Amino acid sequence: MREFIDGSTAIVRGALDSGCDFFAGYPITPASPILMAMMRELPPRGGVAIQAEDEIASIGMCIGAVMAGARALTATSGPGMSLYSENLGLAIMGEVPLVVVDVQRLGPATGGATTVAQGDVQFVRWGTSGGFPIIALAPSSIADCYRLTRRAFELAERFRCPVFLVSDKELNLTTNTIEAGEAGGVGTPTASAHAVPALAPVGGDDLVRFTGSTHDERGFLTKDPRKVERLNLHLAAKIEQHRDEIELVEADLVPQARTLVISYGVTAGGQREAVRAARRTGHAVSSLVIQSLWPVPERALASALHGIERVVVAELNQGQYLREIEKLAGSREVVGLQRIDGRLLTSDQVLEAIV
Amino acid sequence: MSPAPVTVTPLSTYRNDTPYPFCPGCGHGPILDRLNEALVALGRDPHEIVLVSDIGCSGLSDQYFDTHAFHGLHGRSLTYATGLKLARPSLTVIVIMGDGGTGIGGAHLLAAARRNLDLTVLVFNNFNFGMTGGQHSATTPAGALTSTTPGGHLERPLDLCATAVASGATYVCRATSFDADLGRRIGEAVAHPGFALLDIWEPCTAYFAPRNRLGKKATTELMASLGFERGLMHQSEAPEYGAVYRAAARGVSAATSVASTLIEPRFRSSLTRPFRLVLAGAAGGRVGTAAHMLCRAAILSDLFAAERRDYPVTVKTGYSLAEVVLSPAPIEDATVAAADALVVLSPEGRAQAAPYLSRLVSGARIFALAGIELTADERRVERLDPSAAPRKLPSDVIATTMVAAVALRLELAPLAALRAAAEGEGDPARMSAAIDAAERLASAP
Ligand SMILES: Cc1ncc(C[n+]2csc(CCOP(=O)(O)OP(=O)(O)O)c2C)c(N)n1
Ligand code: SF4
Ligand SMILES: [Mg+2]
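Everything numeric here is computed off the predicted structure, so don't read it as measured data. (Residues numbered from 1 in each chain as written. Chains lettered and ligands numbered in written order. Predicted model: local features only at pLDDT ≥ 70, side-chain atom pairs only at ≥ 80, totals over all residues. Heavy atoms only, no water.)

(A) Local environment of the interface of chain B and chain A. Taken together, the contact between chain B and chain A spans 68 residues of the former and 71 residues of the latter. With both sides pooled, the region where chain B packs onto chain A buries about 5700 Å², and carbon together with sulfur makes up 57% of that total. On the chain B side of the interface with chain A, the three residues burying the most area are Tyr245(B), Val258(B) and Glu332(B), jointly 11% of the side's total. Where chain B meets chain A, there are 6 salt bridges. Between Glu170(A) and Arg308(B) there is a salt bridge, and its shortest N-O distance comes to 2.3 Å. Counting every contact that joins chain B to chain A gives 35 residue pairs in polar contact (both at pLDDT 80 or more). Contributions of two or more residues to the side of chain B that touches chain A are made by strand 2 (68-71), helix 2 (77-87), helix 4 (106-115), helix 9 (241-251), helix 10 (287-300) and strand 11 (304-310) of chain B. With 7 residues, the top contributor of residues to the side of chain B that touches chain A is helix 2 of chain B. Of the residues assigned to the side of chain B that touches chain A, the class counts are 35 nonpolar, 18 polar and 15 charged. Strand direction decides the pairing type here: strand 9 (residues 209-211) of chain A and strand 2 of chain B, joined by 3 bridges, are parallel. (Contact = heavy atoms within 4.5 Å. Buried area = accessible area lost by both parts, 1.4 Å probe. Salt bridge = Lys/Arg side-chain N within 4 Å of Asp/Glu carboxyl O. Polar contact = N/O pair within 3.5 Å; in protein donor to acceptor, adjacent residues only side chain to side chain. Helix = DSSP H or I, 4+ residues; strand = E, 2+ residues; numbered from the N terminus. Nonpolar A, V, L, I, M, F, W, Y, C, P; charged D, E, K, R; others polar. Pairing = 2+ DSSP bridges.)

(B) Representation of the pairing of strand 10 (residues 275-282) of chain B within the structure. Residues and elements named next belong to chain B. Among the 8 residues that make up strand 10, 8 are buried, leaving the element largely enclosed by the rest of the structure. Here strand 10 runs beside strand 12 (residues 319-327); their pairing, made up of 8 bridges, is antiparallel. Residue pairing in the sheet places Val278 in a bridge with Glu323 of strand 12. Where strand 10 meets strand 13 (residues 339-344), 4 bridges bridge the pair, whose relative direction is parallel. Bridge pairing links Ala280 to Val344 in strand 13. (Buried < 20%, exposed > 50% of the residue type's maximum accessible area, 1.4 Å probe, protein only.)

(C) Up close: the site of ligand 1. Around ligand 1, 17 residues are found, and the nearest of them are His28(B), Cys57(B), Asp99(B), Gly100(B) and Gly130(B). What surrounds ligand 1 is not a single chain but chains A and B. A distance of 3.1 Å separates an oxygen atom of ligand 1 from a polar atom in the backbone of Asn128(B). Measuring from an oxygen atom of ligand 1, one finds a backbone N or O atom of Met131(B) at 3.0 Å. Only helix 3 (99-104) and strand 5 (128-129) of chain B provide two or more residues apiece to the shell around ligand 1. Here the shell around ligand 1 takes 3 residues from helix 3 of chain B, the largest share from any one element. The residue makeup of the shell around ligand 1, split by class, is 4 nonpolar, 11 polar and 2 charged. (Near = heavy atom within 4 Å.)

(D) Local environment of the coordination of the magnesium ion (ligand 3). Around the magnesium ion (ligand 3), the protein contributes the donor atoms Asp99(B) (OD), Asn126(B) (OD1) and Asn128(B) (O), at 2.1 to 2.2 Å from the metal centre. Sequence positions of the residues that donate to the magnesium ion (ligand 3) give the spacing D-x26-N-x1-N. (Donors = N, O, S within 2.8 Å, 3.2 Å for Na, K, Ca; no water.)

(E) Local environment of the domain arrangement of chain B. For chain B, the assigned domains read domain 1 (28-245) and domain 2 (275-443). Relative to domain 2 of chain B, the C-alpha centre of domain 1 of chain B lies at a distance of 60 Å. (Domains from an automatic or database assignment.)

(F) Seen up close, the layout of surface pockets. Residue and element names in this part refer to chain A. Space inside the largest pocket adds up to approximately 880 Å³. As for the largest pocket, its lining consists of 33 residues, and the residues nearest its centre are Asp6, Thr9, Pro33, Leu173 and Thr175. Looking at the lining of the largest pocket element by element, the count peaks at 5 residues for helix 2 (residues 32-41). Along the lines of polarity and charge, the residues of the lining of the largest pocket split into 14 nonpolar, 11 polar and 8 charged. (1 Å grid on protein atoms, 1.4 Å probe; cavity = no way out; pocket = protein on both sides within 12 Å on 5 of 7 lines; lining within 4 Å. Points joined across faces, edges and corners; volume = space filled by probe spheres on them.)

(G) Representation of the pattern of salt bridges in the model. Going through the model one piece at a time under the given rule, you end up with 47 salt bridges over all chains. Its salt-bridge partner being Glu332(B), residue Arg272(A) comes within 2.8 Å of it at the nearest N-O pair. Taken together, the residues span two chains, with Arg272(A) in helix 10 (residues 267-280) and Glu332(B) in the loop between strand 12 and strand 13. Residue Arg272(A) is classed as buried on the basis of its relative accessible area of 11%. One salt-bridge network, in which partners are shared between bridges, spans Arg2(A), Glu179(A), Arg268(B) and Asp302(B).

(H) Region of interest: the pairing of strand 7 (residues 162-168) of chain A. Residues and elements named next belong to chain A. Most of strand 7 is tucked away, with 7 of its 7 residues classed as buried. Of the two faces of strand 7, both are covered, the one formed by Pro162, Phe164, Val166 and Asp168 as well as the one formed by Val163, Leu165 and Ser167. In terms of strand pairing, strand 5 (residues 98-104) meets strand 7 through 7 bridges, oriented parallel. Its bridge partner being in strand 7, Val100 is matched across the sheet by Phe164. Sheet topology note: the strand 6 (residues 135-137)/strand 7 ladder contains 3 bridges and is parallel. When the sheet's bridge partners are listed, Ala136 is paired in strand 7 with Phe164. For the segment spanning strand 6, helix 6 (residues 142-159) and strand 7, crossover handedness is right-handed. (Right-handed = clockwise from strand over helix to strand, strands pointing away.)

(I) Examining the site of ligand 2 more closely. Taken together, Phe22(B), Cys23(B), Cys26(B), His28(B), Cys57(B), Asn126(B), Gly130(B), Cys204(B), Thr205(B), Ala206(B) and Tyr207(B) make up the full set of residues near ligand 2. Counted by class, the shell around ligand 2 contains 7 nonpolar, 4 polar and no charged residues.

(J) Representation of empty space enclosed by the protein within the structure. Residue and element names in this part refer to chain A. Applying the stated criterion across every chain yields a total of 3 cavities of 30 Å³ or more. Estimated volume of the largest cavity: approximately 70 Å³. What lines the largest cavity is a set of 13 residues, among which Ile92, Arg125, Gly127, Thr128 and Ile134 lie closest to the centre. Listing elements by their share of the lining of the largest cavity, those giving two or more residues are helix 4 (78-93), helix 5 (121-126) and strand 7. Take the lining of the largest cavity: its biggest share by element is 3 residues, from helix 5. Here the residues of the lining of the largest cavity are counted per class, giving 8 nonpolar, 4 polar and 1 charged.

(K) The arrangement of the state of the cysteines in detail. All names here are of chain A. All told, the structure shown has 0 disulfides over all chains when counted by the stated rule. A disulfide-free cysteine, Cys161 has its sulfur positioned 15 Å from the sulfur of Cys62, the nearest such atom. We classify Cys161 as buried; its relative accessible area is 3%. (Disulfide = S-S within 2.5 Å.)

Take a look at the structure:
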């Protein structure tokens, strides 16, 4: 049994199967199908979906709802991500578990509304003031859209922070064939997202004091340097100290390979076909698809780099993840394979760069 | 054993012991004292109350109450309040914001008033930004001196109450921090089952009041000179958004649109390698339907299929393009760099088809609706003329007819698979007629 489905639908299913019961969003191509699906799906299930007056309100409503005990999702694209920025900081500071889908389109500004790009990779990492770490996952297939949405909810609740699902126009809107069950939709999902204790909600038995200001353990504003430092170290350490747990890659390594090709998101499709084609003609090439973009999966990268002399980093921007790889690659040759004309890197282009 | 009876003792105060941090004479403290009185009079469980504070000196307010507290970003308190109330309707949600926050978050005020969600907004209106040093705000009167209007303010003040009324708020009242009945008014606003706004005028003793000599008496006089009404300006009954939302949700069909539509392969295709097609047609010409039909027919024939769409931002005009990949193995690369077949369905698709014409694989097939001129060698173009059918085909199935005919000529999927797939795409009778026509077209010379 097979299914013909797009990434957007897989993300919506992943959210619903994770117990998501609140969605607020503002229409924007190519993220609107998620908003429209949630508007249909949540109310009959007893949840709430709302089209807000703007993106600032979308994420604000989600943060409020989460603090009242809901499990929330929002979805947008580049221009909306810009408007999310300040509230993303609030979610970091207030330790709000929230899943944010960025369906990337070509930027800057309005850019290409119906055109693909992977230009927000550094933006999601550094998109709010203060420079604190966040978690970002990048689905590389339709099955990933489902699986990583579920993982995003688990991570958001475990680490109580915003988790980005960094997708793109082609992944969300291209329909493809998968085997039944690869993107949920069959049977009752296991409630793995509930494995961690929920936060104490506003309206619950404990009085909750939520604040976006620097605060002490009881939620009162403070300037006491010891308490300020403790809070800030905690916000970073809870993610940094669990990098191994967050790390997620698809490693397809061959011991004799001297070349390693790395990509993420929709670009991984062309990469997988190119690697297969290269091996058919006798070229030993290793392949790494990065599914947890942030924090950078350093452990997986270190083992993938073992024995490698040349690294090719394929992406639809001007080398945003290339610079992360360069930091870890030592003296190896690292080359970027990039496209920013609104088109995908094809398997032929990747093949040419790796053989 | 029956549970022990619970006795509810109303709280004598909702304040904690921390003293206010405000400047001497600042209006914020007295307003908060009146809020406390109102809460005591209402006697609600503090676990059911959340104070949502904005930013500014007024934004510090939530820290002095033993209720739930939510201190968010400048101007955005209404958005958090909306999320809190929608997710937990039993909460009493009280928003405290300054005139500064009300100004920067103006869009939220309009939207929240229009929704009539059961929220209470207390605007601590001191005509300037207290916290940042006395700059002008949306409510600063014309001519007033502030740290950013040293020669007197040039803009006219926003009438918050009139704005709220015009936007649909169902309780709107203007008061001052000096009013003896302020506590009662706050209680009334909180008890009101809908969106309530109380515009409370008060002195900022650090900046606005001394600069503009705005004491108790002058505050009242200012209201009169601006022609702004005082007291309860509007109270009405209207459906409360949360209640309306939940009632509407009960009436919505529970049929999900994201459930799996599983396809069981039961036919065979002769395809043994990936095959890439481009379908170029007109917006509104059902190119998507045709592509979807072809993909489902292929999956029914034990192939894998992927469909990538491209169209201009305005969807009912111009071109509509679909790239379709069919393959015996799962498809990772759904792009069509070089096409195995190009199908031009209408004149609008011609320009989009042109780049593909220049990079076809060798031996690629080109199909076009009769009468469309292409820059290709005419001998290579296979013309399809659905109008030659004995009965005129409805225009909305022309694309499906042509694509099905191409699929048959290229032996991508058997007729039975195309018929089964087409019948799932629309009115079965019309779709069946389309497949009949495709069968004739496929065998036409
Ligand atoms: C986005 C943003 N811009 C600017 C500020 C700086 N800021 C802090 S308080 C404030 C004005 C507050 O004025 P008001 O809401 O009237 O409160 P008051 O201090 O008068 O009680 C501003 C502009 C901020 N916190 N956030
Ligand atoms: S600066 Fe103005 S608003 Fe702030 S506490 Fe002082 S008097 Fe009150
Ligand atoms: Mg003010």
